[in-house]
Amino acid sequence: MDQDYKQGGRARGTSAQDGRGDSPAAIDSRARQVIDRILQGASERERAIFSQRTFGDEPILRTGADLRREREATASAAAPSAAPADAGATGMRPTPLPGASGREERAALRRAARAELPPRPRPTHDDALRQRSWLDELDAPLDADGPSSGWPYDGWSWPHPDVAPSRPRQGVRKASARAGSNLPQTLRELRQLETEPQPNGTRLTGVSLFVAQARLAAGYEDDSAPSPFGVRYRYSVSYRDLSDEELRGYFSWRTAWRAHREDRIPYTYGHILAAELVNGIGAEPGMPCLQELVRLRDRATELDADGMSSGLAFDARRWIRDYAVLHNLPAELATSADERAFAQAVATLRTAERAVLCEAGARGLTPKDMPAHVPTDADVWKAMAALSSYNVERSPFLRNNPQSAAAVGAAVFRTLAKHCGKRRKTNLVDGLVGWESSVGWFPFPDLPCTLPKELPSPTYRIDACTRVTTLAGRWFIYRGYEHVGKSRDLGRILRAMDRQMREDWDDPRALKPRPLAKYLEKIIVQASAEERQRELEAESRKIVIDLSKLGGIRAAAATTREALLVDEEIEDEPAATTAPTPSSPAPVTPAPVAQDAPSPQDASAPTAHPAHEGEKSAAPSVATPTAADGTPAIVTSPASPSPVTEGDGQTPCGLDSLELKVIARVSEGKPFSDLLGPGKPMASVLVDSINEKLFDELGDTAIEYVDGEPRLVPDYVEDVRDICGL
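Residues numbered from 1 in each chain as written. Predicted model: local features only at pLDDT ≥ 70, side-chain atom pairs only at ≥ 80, totals over all residues. Heavy atoms only, no water.

Turning to its location among the elements, Thr 74 is positioned in helix α3 (residues 64–82). Within the structure, Thr 74 has its side chain in polar contact with the backbone oxygen of Glu 70 (distance 2.8 Å). (Helix = DSSP H or I, 4+ residues; strand = E, 2+ residues; numbered from the N terminus. Polar contact = N/O pair within 3.5 Å; in protein donor to acceptor, adjacent residues only side chain to side chain.)

Our focus in this paragraph is the pairing of strand β5 (residues 703–706). In terms of strand pairing, β5 meets strand β6 (residues 709–712) through four bridges, oriented antiparallel. By the bridge assignment, Tyr 705 is partnered in β6 with Pro 710. Counting the residues between successive antiparallel strands, the hairpin from β5 to β6 contains two residues, one of them, Asp 707, with a positive phi of roughly 55°. (Pairing = 2+ DSSP bridges.)

As a further point, take the pattern of salt bridges. Within this structure, the stated rule accounts for 22 salt bridges. One salt bridge connects Arg 499 with Glu 503, and the closest N-O pair in it is separated by 3.6 Å. Of this pair, Arg 499 and Glu 503 both sit in helix α19 (residues 488–504), four residues apart, roughly one helical turn. Residue Arg 499 is classed as buried on the basis of its relative accessible area, which comes to 18%. Judged by its relative accessible area of 49%, Glu 503 is partly exposed. Salt-bridge contacts for Glu 659 lead to Lys 693; the nearest nitrogen and oxygen are separated by 2.9 Å. You can see Glu 659 sitting in helix α23 (residues 657–668) and its partner Lys 693 sitting in helix α24 (residues 683–698), a full 34 residues away along the chain. A cluster of three or more residues bridged by salt bridges with shared partners is formed by Glu 262, Glu 292, Arg 295, Arg 299 and Glu 302. (Salt bridge = Lys/Arg side-chain N within 4 Å of Asp/Glu carboxyl O. Buried < 20%, exposed > 50% of the residue type's maximum accessible area, 1.4 Å probe, protein only.)

Attention now goes to the nonpolar core. Ranked by size, the top nonpolar core spans 54 residues in total, and within it Tyr 239, Tyr 250 and Phe 251 carry the most contacts. Sorting the residues of this core by element identifies α8 (185–192), α9 (206–216), α10 (244–258), α11 (267–278), α12 (287–305), α13 (312–326) and β4 (474–479) as the ones contributing at least two each. Examining the composition of this core, we find that nine residues originate from one element, α13, more than from any other. For Tyr 250, the residues in contact, after removing those within four places along its chain, are Tyr 239, Leu 242, Tyr 269, Ile 272, Leu 273 and Glu 276. By size, the runner-up hydrophobic cluster in this structure holds 43 residues, among which are Ala 343, Leu 416, Val 429 and Tyr 481. (Core = buried A, V, L, I, M, F, W, Y, C linked by side-chain atoms within 4.5 Å. Contact = heavy atoms within 4.5 Å.)

A few words on the sheet that holds β4. Strand order in the open sheet formed by four strands is β1-β4-β3-β2, and the pairing between neighbours is antiparallel. Of all strands in the sheet, those with a lone pairing partner are β1 (437–440) and β2 (459–461), marking the two edges. Across the sheet, the mean angle separating the axes of adjacent strands is 20° when strand polarity is ignored. Bridging between β2 and strand β3 (residues 466–471) involves three bridges; their strand directions are antiparallel. Across the sheet, residue Tyr 460 finds its bridge partner in β3, namely Val 468. (Axes fitted to C-alpha atoms, helices over the stretch in contact; angles between N-to-C directions.)

Here we take up the packing of α8 against α10. Between α8 and α10, whose axes approach to 12 Å, the crossing angle comes to 125°. With respect to each other, α8 and α10 are oriented oblique. α8 and α10 meet at a crossing whose hand is right-handed. Facing Leu 187, Leu 190 and Arg 191 of α8, the residues of α10 in contact are Asp 244, Leu 247, Arg 248 and Phe 251. Class assignment of the residues belonging to the contact of α8 with α10 gives a composition of four nonpolar, no polar and three charged. (Parallel < 35°, antiparallel > 145°, perpendicular 65-115°, else oblique. Left-handed = near helix turned anticlockwise from the far one by under 90°. Nonpolar A, V, L, I, M, F, W, Y, C, P; charged D, E, K, R; others polar.)

Here you go:
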């Protein structure tokens, strides 16, 4: 229509240029034709658009017959345009059907374009066979001595389809593998068990087939060279899943394993070896088999550290645990030391939390539900350190102050446990390591093995938080936690506690503050301040003994003892002189003599008898001169104070002159240290002696120490002064 309009326009332009014109009737008729064509095309487009949007002209359901008719109509419409040889040269394209959608129009154009291309030759049967065969060769391993003449590879290049393969196809290879033509006699018999029927007409499958094959090849050894290529990873594997090369490779590796000459542990081979061990093949059931599993785990862990890991160590730990439970072996062998320490820490915190909740009456608990053994502060702190991601051993302050850290940590834990028990839906320990759970227990899920019908023990405790029990013929495992990793939330709490304690204890190595919840910061600050105040009060009441000063104390005590002994001898001396002794003659009445005549007593000079070395010195013998009236005179020692008799009232309560002087100084509030010196008793000894002598008169202590200085008791000041005549 548009082309006709353009041709009409060109015709009119040509006629106008030539100067020739049509009649008005012809021009009118031509214009009417153009308008009719335009209206006709517009109505067709509107009708097509309306049918596409409203499905007014099409049925709601289209059947296969409708689609076939549409394809035939489209093909018949496109066929005339593709028939002429010069169709491509003229640029003519097939015209779509009236009212056809845009998608159908594009499909018709694509079919027409494909029709213009020359036909592609279809591959023959030989080509397809050759292509399948050399693609199947990709799955086959290389020869031990390198590529053979018939191998389709040229070095590392891609195989060429024209090279005829020398190996059989995959189906033929599998059939020959099942026949076991290239295997030793023992392995051929092992393969025959997969297909041979039993006397009852059935074939062995599953666990029974694996156990029979393992027992058949229990002592088989293979010295063939291992394959240079790795073995495919298989999770649950048996002999039936291995190819002939892999089967011989496994027994070659098992021979090296039993001789302790292995240098790698393929994941698939490790699974088969573990399956043999748990079925009692290769080691005696019980402890020998468990030791082999432990060896497998340790070797896999060692290779993992060397970068040759096969992911076998994780599975081996689970096999060891399940085997120990099924054979009732010691629980120390079922898990590692780190796992037991983690479980013990969780159990300690759960017991401490239960004790706090019982005291607070939260979660429906009462003091009657209190656990029998409540962990101490040191136990709680050790458990918190074990579960925390913050390493407290690397903190010099916490390491040097373990008792303070334990007290503050336990206080923080109890406060948080009480807070969560009353205001949270989840307990503190549950939020740190997860909830307690009890699920069904299925041992060795990835190994073909025969399980016993019941456990040797109805309850087997793996660690402090994990145990396996039997209930109604089923096995259940109880776990006290979900997350094995250390808690970062607890690590942030312990770091904030470390920072606050360093600040309260005036430690110069301060930590930078990190964001923490307000209520947590308040709890930590309060617990640290209370512990610091408690320690300061305890230090004020603490008595410190400096052992370095014991020598001086002993020397002063020895000096005081000698002085006291001398004083006692002097006090006893007057009584000794007046009393008759066996060595002195009896007193007689002397005859009157002249004053200038010497008396018999004066003639006898007194001699002192020195004491033997190492013994106490005896009281010196003093001569007793007589007075003019014949009575014996009193002779005093020049080193001792002048004694006075009680009858004169000068020695009240037996106090000597030094003690009287001390009492006088003390009553006036003056020091008396100048009265002491070599050969004199210490101040404390003098005060104790004065208190003892005045106790009979006062019935109480006369002198007491106030701020380290001796003072008279205010109630007895006047009494002491009256007694001493001050």
